[in-house]
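Spelled out, the chains give:
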Amino acid sequence: MAFWEADDSWVSMENCTGVSNSVKIPLFLTTVTCFNILMKGAPAQWLGMLCVATISYVTINVASTVGGMSPSSATVVTAFLVGIAGNLYAYATNSPALIPILSGVFLIVPGGISVKGVHAMINNDMSGGLAFGSGMMVVAVCISIGLFAASIVMYKPKVKLSNTVFF
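Residues numbered from 1 in each chain as written. Predicted model: local features only at pLDDT ≥ 70, side-chain atom pairs only at ≥ 80, totals over all residues. Heavy atoms only, no water.

Give me the nonpolar core: which residues, what numbers.
A general trend in soluble globular proteins is that nonpolar side chains are found buried together. Among the nonpolar cores identified, the biggest contains 13 residues, and Val82, Ile101, Val105, Ile108, Ile143 and Leu147 are the most heavily contacted of them. Sorting the residues of this core by element identifies α3 (71-93), α4 (98-108) and α6 (126-153) as the ones contributing at least two each. Top element by residues in this core is α3. It accounts for 4 residues. When neighbours within four sequence positions are excluded, Ile108 is seen to be in contact with Ser56, Thr75, Thr78, Ala79, Val82 and Ile143. (Core = buried A, V, L, I, M, F, W, Y, C linked by side-chain atoms within 4.5 Å. Buried < 20%, exposed > 50% of the residue type's maximum accessible area, 1.4 Å probe, protein only. Helix = DSSP H or I, 4+ residues; strand = E, 2+ residues; numbered from the N terminus. Contact = heavy atoms within 4.5 Å.)

Dropping the structure here:
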């Protein structure tokens, strides 16, 4: 993440390689642990949160690279699977589905969109600002569609709604 243009003379793209695969797993585990702590999840919920976050991470990466899906389609599919996994967690443990679903949704939301939006705001770029706004709306709608479809598939009317939050 950077606030400079690619054509700036002092920026070298040669040294900007991606993170190696051997580092991705510890970074993922650290990120999910931080999410668990920030959401104040009980230690008994951490395994469910880790499982849903793993489903989210694997699905968004596989769907966009191997599956050849557009980013919007990959986001809908990932949100759908996160909703299914979160609701299965709620059925199994009789605890809210919101907690593991949020740990999965956090990994779906792209942080690079906000960096581009701030860059556009700093440079008074109106088209970049509009692209930021529309990009965030597309991501929000895709996540909503996926979670709504999961709640339709997983709807079970005889569950005590006082203990469970379904999406």
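Describe α3, listing the residues and the values that go with them.
Compared with the 33 Å implied by 1.5 Å per residue over 23 residues, the 32 Å span of α3 between its first and last C-alpha is a close match. Along α3, the residues classified as buried are Ala74, Thr75, Thr78, Ala79, Val82, Gly83, Ile84, Ala85, Gly86, Asn87, Tyr89 and Ala90. (Expected span 1.5 Å × (residues − 1).)

Can you tell me about helix α1 (residues 21-38), naming the residues and giving the values?
Taking 1.5 Å per residue, 18 residues should reach 26 Å; α1 reaches 26 Å between its end C-alpha atoms and fits that length. Three or more residues of α1 are buried, namely Phe28, Val32, Phe35 and Asn36. Taken around the axis of α1, the buried residues stretch over an arc of 100 degrees, which confines them to a single face. Exposed residues pointing more than 90 degrees away from the buried face of α1 are listed as Ser22, Ile37 and Leu38. On its buried face, α1 sits against α2 (46-65) and α4. Among the residues trailing α1, Lys40 stands out with phi positive, at a value near 55 degrees. (Arc of directions from axis to C-beta.)

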